Amino acid sequence: MILRLLGMPQVLAVLLIVNGLGTIYGYWWYNVQLVETPPVFLIFVPDSPTASLFFCGVLVFFLFKKHNGLLEALAAVTLLKYGTWAVVMNISAGAAGGDLNWTHYMLIVSHAAMAVQALLFLPYYRIKAWHLAAAAVWTVHNDIIDYVYGMYPWVSPVLSDDIMHIGYFTFWLSVLSVLVLYVFSMKRRHYLSL
């Protein structure tokens, strides 16, 4: 019943507004890092707001009772990945002795909500194999840009010595996110309609 509620136009509209505001805030959050980023890498730096931007696109399609499988795959994989990543990084920073203030707790809650959204909408997605393959390439390519070229999102100073480990974790989180989408969206054929 809750899953069917998500497909109601009023709920989709509210989610679009909330995610739209979160996307704008997310790009603003990256402002300082984006100023220092070489132009060729700009599209790959603001990971979480780009994930929520993909999801905003999905919600717009859903409001018109349409589907875009590629956009759905990009949104689902990146929401799950970066939502989980930010929660783990913030909790890890606190566990390593870093100070956590209200902003960190807000980031934990909002990014956890991103990952939950990705999972809750799984029954609505209409993703084909090539959509998921393209999303996997985008996501792993982003990992390479982040951890080979050093464009990764800034982390707490208490974690800065662990960047190689974070890169390793991030790569496998990408793989896991793609696998979750494959198993629970593509393999399952019990879709909900809008």
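See the structure above.
Predicted model, so just to flag it, every value in this text is computed and none were measured.

Draft legend 1. Up close: the overall build of the protein. Helix and strand counts for the protein stand at eight helices and zero strands. Helices and strands in the protein line up, N terminus first, as α-α-α-α-α-α-α-α. A compact globule built from 194 residues should have a C-alpha radius of gyration of about 16 Å, and the protein, at 16 Å, falls within 12% of that. Overall, the protein is about 45 × 35 × 30 Å in size when its C-alpha atoms are taken along their principal axes.

Draft legend 2. Broad picture of unusual backbone geometry. Within the chain, K65 stands out as a residue other than glycine whose phi angle is a positive 55°. Relative to the assigned elements, K65 resides in the loop between helix 4 (47–63) and helix 5 (69–95).

Draft legend 3. Summary view of the pattern of salt bridges. Scanning the model with the defined rule gives one salt bridge in all. Here K81 makes a salt bridge to D143, at a shortest N to O gap of 2.3 Å. Residue K81 is found in helix 5, and its partner D143 is found in helix 7 (residues 129–148); the two are separated by 62 residues along the sequence. Residue classification places K81 among the buried residues on the basis of a relative accessible area of 0%.

Draft legend 4. Region of interest: the packing of helix 5 against helix 6 (residues 102–120). In contact at an axis separation of 7 Å, helix 5 and helix 6 are set at 150° when each is read in the N-to-C sense. The orientation of helix 5 relative to helix 6 falls into the category roughly antiparallel. For helix 5 against helix 6, the interelement crossing comes out left-handed. Across the interface between the two elements, A76, L79, L80, Y82, G83, T84, A86, V87, N90 and I91 of helix 5 pack against H104, L107, I108, H111, A112, M114, A115, A118 and L119 of helix 6. In terms of residue class, the contact of helix 5 with helix 6 is made up of 14 nonpolar, five polar and no charged.

Draft legend 5. Structural detail: the environment of A135. Mapped onto the fold, A135 is located in helix 7. Sequence-wise, A135 and L74 are 61 residues apart; in three dimensions their C-alpha atoms are separated by 4.9 Å.

Conventions adopted
Per chain, residues are indexed from 1 in the order of the written sequence. Given that the model is predicted, a residue must reach a pLDDT of at least 70 before its local features are reported, and side-chain atom pairs must reach 80 or more before they are shown or counted; all residues, however, enter totals for whole chains, interfaces and linings. As a convention, hydrogens and water are excluded, and side-chain values are obtained from all of the structure's heavy atoms. The numbering of helices and of strands both runs from the N terminus, where a helix is a DSSP run of H or I of at least 4 residues and a strand a run of E of at least 2. Radius of gyration here is computed from C-alpha atoms only, and the compact-globule reference equals 2.2 Å multiplied by the residue count raised to the power 0.38. Salt bridges are identified by distance alone: a Lys or Arg side-chain nitrogen within 4 Å of an Asp or Glu carboxyl oxygen. Any residue under 20% of the maximum accessible area for its type is buried, any over 50% is exposed, and the rest in between are partly exposed; the area is computed with a 1.4 Å probe on protein chains only. Orientation is described by lines fitted to C-alpha atoms, with helices fitted over the stretch in contact, and by angles between N-to-C directions that extend from 0 to 180 degrees. For classification purposes, angles smaller than 35 degrees are called roughly parallel, those larger than 145 roughly antiparallel, those between 65 and 115 roughly perpendicular, and all remaining angles oblique. Note: crossing handedness is left-handed where the near helix turns anticlockwise from the far helix by less than a right angle, and right-handed where it turns clockwise. Note on contacts: a residue pair is in contact if any heavy atoms of the two residues lie within 4.5 Å. Throughout this entry, Asp, Glu, Lys and Arg are counted as charged residues, while Ala, Val, Leu, Ile, Met, Phe, Trp, Tyr, Cys and Pro are counted as nonpolar. The remaining residues, Gly among them, count as polar.

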